[in-house]
Amino acid sequence: MDTPAVTVVVPTRGRSAYLEVTLDSLLRQRTRTPYEILVVDDGATDATRELAGRVGVRCVSHGERRSLNAARNTGIRESRAPLVALVDDDVEAPPGWLEALAGGAERNPGAEAFGGPIRARLEGSAPRGCGREEPPITTLDLGPEDCEAEVVWGANFAVRRSAIERIGWFDERIVRPHGDEEEWLERLRTAGGRIVYLAEAGLDHRRTAADSRLAPLARSAFARGRGARASDRRRGRAPALAGELRVLLGCGWHTLRRACPQGVIMGAHSAGRVAEALRPRPASEDETA
């Protein structure tokens with residue numbers, strides 16, 4: 001096998017049904033760029049390793065749960081390419097995604113990190129919205145043209161190996177689901193690094209029909225809210241509790257006034273932030289734990 005130009009790293013933990021769709025889409029890429037796919041199993045107890053073996057994809061296992069950033073670091077260490085693409089295990093990449101990513105990196109030799117559009121795809125009957133709320137899962141759209149960016153998201157994210165060598169590894173102490181890649185990107189920007197958004201390198205961020213219902217979306221939003229508050233606190237940006245409570249009340253008012261089911265999801269995210277703000281912490285607690 002030729003030395004790959006791109007390694008696609010897929011961190012995962014116990015979501016083999018999602019992972020199967022992701023791997024199938026990555027194996028179907030239409031590209032002239034030599035690439036490899038590497039699954040990093042962060043303590044899964046399901047059929048993740050069997051799935052990877054069945055489709056012929058290398059899988060590295062931690063053996064126990066560590067963190068998303070630990071899985072990213074493992075993938076980068078085990079990769080062979082100068083450009084490492086990091087995608088979540090719940091995405092589906094269209095056939096031209098990898099070629100657009102590799103081409104964008106080639107056109108921007110001075111950039112060290114890249115991202116692309118992330119489109120929400122809720123399968124089945126998703127909760128109705130009123131048009132004023134954000135999508136209930138992570139998305140990114142910076143427009144139809146390539147541009148420099150302050151931040152891109154880990155569901156569709158690529159870094160040059162040379163940037164890791166220059167900036168350092170992803171912080172493995174961050175275990176909550178928020179701010180994990182953002183902390184590294186802040187270090188990159190501080191060191192003068194450039195991030196480029198590649199408008200053609202988009203992919204879909206999926207939720208199955210079962211996970212597109214109101215209850216699972218709200219549970220996920222609550223967890224993200226807790227993670228967001230912990231991330232803000234870690235960086236000294238957390239708003240006062242009174243501000244968090246005002247947002248929560250506003251979400252409740254939005255839901256009732258507009259009869260908007262997705263307002264419940266917004267409220268769950270806000271409630272997660274409030275719960276994290278109220279969580280008692282010893283003075284010596286590591287903010288990243």
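Further up the page is the structure itself.
Summary of the structure given here. As the structure is a computational prediction, the values presented were derived from the model and not from experiment.

Describing an aromatic ring pair means giving the distance of the ring centres and the angle of the ring planes. Going through the model one piece at a time under the given rule, you end up with three aromatic pairs. An angle of 80° between the planes, with centres 6.1 Å apart, marks the rings of Phe157 and Phe170 as edge-to-face. One end of the pair, Phe157, is in strand 9 (residues 156-160); the other, Phe170, is in the loop between helix 5 (161-167) and helix 6 (180-190), and 13 residues separate them in sequence. In this pair, the class of Phe157 matches that of Phe170, namely buried. Considering the side-chain rings of Phe170 and Trp184, the 5.3 Å spacing of their centres and the 35° angle between planes classify their relative orientation as tilted. With Phe170 in the loop between helix 5 and helix 6 and Trp184 in helix 6, this residue pair connects regions lying 14 residues apart in the sequence. Note on Phe170: relative accessible area 2%, which makes it buried. In textbook terms, an aromatic cluster arises when at least three aromatic residues are bridged by ring pairs, as seen for Phe157, Phe170 and Trp184. Here the basic side chain of Arg15 rests over the ring of Tyr18, its NZ or CZ set 5.0 Å away from the ring centre. A cation sits over an aromatic face here: Arg77 above Trp169, 4.3 Å from the ring centre.

With that settled, the discussion passes to the sheet that holds strand 7 (residues 118-122). Strand order across the open sheet formed by three strands is 5-11-7, with mixed pairing between neighbours. Unpaired on one side and paired on the other, strand 5 (91-92) and strand 7 mark the two borders of the sheet.

With that settled, the discussion passes to the nonpolar core. Counting 56 residues, the largest nonpolar core has Val8, Trp97, Phe114, Phe157, Trp184 and Leu185 as the members making the most contacts within it. Sort the elements by how many residues they give to this core and helix 4 (residues 97-107) lands first, with six residues. Excluding anything up to four places from it in sequence, Phe114 contacts Leu83, Leu101, Gly104, Ala105, Asn108, Val152, Asn156, Phe157, Ala158, Arg160, Val196 and Leu198. Among the nonpolar cores identified, the runner-up in size contains six residues, and Leu217, Ala221, Ile265 and Ala268 belong to it.

Our focus in this paragraph is the environment of Glu182. Structurally, Glu182 can be placed in helix 6. Taking the C-alpha atoms as reference points, Glu182 and Gly154, separated by 28 residues in sequence, lie 8.5 Å from one another. Apart from residues no more than four positions distant in its own chain, Glu182 is found in contact with Val151, Trp153 and Arg235. Within the local environment of Glu182, its side chain forms a polar contact with the side chain of Arg235, the two groups lying 3.2 Å apart.

Mapped onto the secondary structure, Ser162 falls in helix 5. For Ser162, a relative accessible area of 41% puts it in the partly exposed group. Distance from Ser162 to Glu112, taken between C-alpha atoms, is 7.9 Å for residues 50 residues apart in sequence.

Our next topic: the pairing of strand 11 (residues 203-207). For strand 11, the buried fraction is high: five of the five residues fall into the buried class. Pairing of strand 5 with strand 11, which is carried by two bridges, proceeds in the antiparallel orientation. In the strand pairing of strand 11, Glu92 is matched with Asp204. Of the strand pairs in this sheet, strand 7 and strand 11 are connected by five bridges, and their pairing is parallel. Counted as the bridge partner of Ile118 is Leu203 from strand 11.

The next point concerns the environment of Gly63. On the secondary structure map, Gly63 appears in the loop between strand 3 (58-61) and helix 3 (68-78). Measuring from C-alpha to C-alpha, the distance between Gly63 and Ala47 comes to 13 Å, with 16 residues separating the pair along the chain. Leaving out residues up to four positions away in the same chain, Gly63 has contacts with Asp41 and Gly43.

Reading across from one edge, 3-2-1-4-9-6-10-8 is the order of the eight strands in this open sheet, with mixed pairing throughout. The open sheet is flanked by strand 3 and strand 8 (147-148), the only strands paired with a single partner. With three bridges connecting them, strand 6 (residues 113-115) and strand 9 associate as antiparallel partners. By the bridge assignment for strand 9, Phe114 is matched with Ala158.

Conventions and cut-offs
- Residues numbered from 1 in each chain as written.
- Predicted model: local features only at pLDDT ≥ 70, side-chain atom pairs only at ≥ 80, totals over all residues.
- Heavy atoms only, no water.
- Phe/Tyr/Trp six-rings, centres within 6.5 Å; stacked < 30°, edge-to-face > 60°.
- Helix = DSSP H or I, 4+ residues; strand = E, 2+ residues; numbered from the N terminus.
- Buried < 20%, exposed > 50% of the residue type's maximum accessible area, 1.4 Å probe, protein only.
- Lys NZ or Arg CZ within 6 Å of the ring centre and 35° of its normal.
- Pairing = 2+ DSSP bridges.
- Core = buried A, V, L, I, M, F, W, Y, C linked by side-chain atoms within 4.5 Å.
- Contact = heavy atoms within 4.5 Å.
- Polar contact = N/O pair within 3.5 Å; in protein donor to acceptor, adjacent residues only side chain to side chain.

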